[in-house]
Amino acid sequence: MSLVDKKYDRLLPALDYLTDEVVLAQAWKKAERYARWHNWYADVLALDLSVLEIEAALARWGEEIKDPAFRVQPMQLVPAPKTCVWEFPPPEPKPKPEPEPEDIDLDSLMSEPDEVNSGAWRPKNTGEPQPLRPLAHLGIRDQTLAMGLVLCFADAVETLQGKTDQPDAATAHRRRVYRYGNRLWCDWAGNGEVSAPQARFRWGNASTYSAYFEDYRRFLARPGDIARNADTLRRPDRTIYVVELDLKRFFDRIDRGRLLRRLAAIWRLYARVYGHRDCTRLNPEFIDAARRIMSWEWSPEAKTSSELFTEGLPKGLPQGLVASGVLANAYMLRFDRWMGRRLGQKSAGEGVIHDYCRYVDDIRLVVEVDRNEDEDAVGERISRVVQGLLDRYCMGLVDPFRLEINEKKTKIIPWADYALQGSASAQMAWLQGLISATPDQDSLRQATAGLDGLLWLSEVIESNEKRHENPLALSRIALPKMDVRDDTLKRFAAYRLLKSFRLRQSMATEDQDAELDWMPVLDGTSKRLLEHEMEATARKLIASWSRNPALVPVLRCGLALFPSPELLGPVIEALDLKRARGAEIDPHERAVADYVTAELLRSGAVEIGYRDPEMLPRRCDLEGVRERLARIARRELRDGAEAPWFLRQQAALFLASVLQPDADLVAGDRIEDYKLLHDALLFRKPSSQNASRMVFAGLIGQQLGANRSRFATWVDDILNDLPPDERNELAV
């Protein structure tokens, strides 16, 4: 017999569920886990404290939602880099006056090192500044409430989108499955043939979204499969193209008011079809609560940095909100169905659109047109067709919320070329299978070699993105035409290289007898040889990041693979050039350096060296890395207001993680909790107002390795100074 109350069998969009402590507890679990491990920025200490305070917080949050005066906290801004190619230009030669022969000083003929300036590492000259992502940082309460809203609509939204795991692309097309990105992790009932498939979101589980790689692989494979079938049925005077479109600033342009109406329409349709006819309309109290949860606004401090973004700070779905992915899918569900209804229709002006699918803001279409039509004209016409539907879909909205095709990213690929493209996605799937199975040394070495090849391939794609003007086909014979973007390849390779090397190291043999080194070397199990390979790979990953600073996960993987001051030092040197105070540095480039420095400190606090430290290569210097990061952290806290708030947070976190609390740390600018943590590590006496929160901070300090016996004495002293009622409440 199930121990779960029947009311939780399926969640409904009703205020009773939205404010229920059980539902909010699961929403918190999902939001906390995703924000900690997948968000571009995370306040780790706030997430840790929420674990200790969650029981009391859930009841409070449930009551707050019901209050008509409730508002979410203002969002803080974290400017994060978007993809952009950077370069290391050669120094410009300095003109020197021609000396008279008798004035020549032999010492002056000796070469002097060039002075390093911020221009030694910069974005490639495109005429535009480094693009930035307006990343929104929301507190765990507001993340939880938004996720609670998602839980109420999850089954309806996912059911109407359809199951992505279909036998083949033709079946997915026939069952009107068009969306592949940001799909929730669901169980499915019904096979789609006899009965309509119905999704059931695992709302009691910590996982939120389905595996990224599986959905992305299906999305990449679908246009090729559909185009192959269409090519066998076309007339000789027709041809097949795959058109790739991109939606500009997708999340920023989603109107929240219309989103809420879309959610209501989705629920009405779902309720009529799947047996909830008695509650097809949303209760006004629920709608008001949902509107309050989505009343996100930027903080006054964030608005002072709006000039970093060409269109100012967006007012759509926040980038950084865990729930944004599924809410964006709900917003676009009706449009995807509009596109689906156009498939197969013959039009003299447009040809035939055989298929449409979408992965977040990336759209792929398979079209059939007359063979003699100009390739670029076909792309422009299909782009106009989709834009026309988008204009209808956004009718009545003001310009900042009108969805728009990014013409610069439109691509049209003849099926003949598309079929011959190197299938990086297929190779990625094969490598994923090697690592995910029960691997042995041979399969791991094979996987490492394949991942290294993908990393090399991503560099080749990046270096050949510029247009080749030479008319000879021979000049382009080796240029790869891949079905995966270079930055996606880099991230995929970096994560899997780190995992495969760790697995290989656990199987490596110690080089105990120098005379027998040849034996483990021959089969690749020599720890010494493996560690050399790990260092070389770490250097490749860091070099790859240096050519696109948005790839911070690649940098983190490189330093986690081989933590060494020799590798960290050049990174810090380059970042410091972009962060020098008083220098005339482009503010966009300074923002990139601030963000990367903050992420380095966060990685040093929670990742580098903390997973199987005994498995680190022997030539690593983990303590040297931590001391270098500690110097940076102390400098950022000393600089005070000159360092952005998120960088100061991560600096305080890192110093606490290595048990180097700052006795002079001043509370303020969103580091109040970090001040409590540092004071707890110093065993300072708290004020009566923050005694309980400081004890919680002290508990986190114990996880970092602080003195346990002294901590126990410190807590006893705090409890003894509290009134009996407060003492009992804290003890409980």
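Report follows, based on the coordinates. (Residues numbered from 1 in each chain as written. Predicted model: local features only at pLDDT ≥ 70, side-chain atom pairs only at ≥ 80, totals over all residues. Heavy atoms only, no water.)

1. Side note on the packing of aromatic side chains
As a reminder, the rule being used: Centre distance within 6.5 Å is the pairing criterion for rings of Phe, Tyr and Trp, where only the six-membered ring of Trp is used; planes under 30 degrees apart are then read as stacked, over 60 as edge-to-face, and the remainder as tilted. Starting at the N terminus, helices and strands are each numbered in turn, a helix being any DSSP run of H or I of at least four residues and a strand any DSSP run of E of at least two. Both a distance and an angle decide whether a charge sits over a ring: NZ of Lys or CZ of Arg must be within 6 Å of the ring centre and within 35 degrees of the ring normal.
Summed over the entire model, instances satisfying the criterion amount to 25 aromatic pairs. With a centroid separation of 6.3 Å and an interplanar angle of 15°, the aromatic rings of F88 and W121 are classed as stacked. Taken together, the residues span a long stretch of sequence, with F88 in the loop between β2 (86-87) and β3 (122-123) and W121 in the loop between β2 and β3 at a distance of 33 residues. Between F219 and Y359, the aromatic rings sit 5.6 Å apart at their centres with planes inclined by 45°, giving tilted as the arrangement. Of this pair, F219 sits in helix α6 (residues 212-233) while Y359 sits in strand β9 (residues 351-359), and the two are 140 residues apart along the sequence. An aromatic cluster is present here, built from Y178, Y331, F335, W338, Y356 and Y393 joined pairwise through their rings. A cation over an aromatic ring shows up here: R626 above the ring of Y610, its NZ or CZ 4.6 Å from the ring centre.

2. Quick notes on the sheet that holds β9
Applicable threshold: What makes two strands pair is DSSP finding at least two bridges between them. What makes two residues a contact is simply this: any of their non-hydrogen atoms within 4.5 Å. The axes used here are C-alpha line fits, helices contributing only the stretch in contact, and every angle between their N-to-C directions lies in the interval 0 to 180 degrees.
Here five strands make up an open sheet; going across it, the order is β8-β9-β10-β7-β11 and the pairing antiparallel. The sheet is open, and its two borders are formed by β8 (346-347) and β11 (411-414), each paired with just one other strand. For β9 and strand β10 (residues 362-370), the ladder comprises seven bridges, and the chain directions are antiparallel. Among the inter-strand pairings, Y356 is bridged to a residue of β10, identified as L365. Across the sheet, helix α10 (residues 324-342) lies against β9 and β10, angled at about 160° from β9, the strand it touches most.

3. Thoughts on unusual backbone geometry
A positive phi angle is found at R176, which is not glycine, with a value near 60°. Turning to its location among the elements, R176 is positioned in the loop between α5 (169-174) and β5 (186-189). Phi at L659 takes a positive value of approximately 55°, unusual for a residue other than glycine. Summarising the element assignment, L659 is placed in the loop between α22 (645-657) and α23 (672-681).

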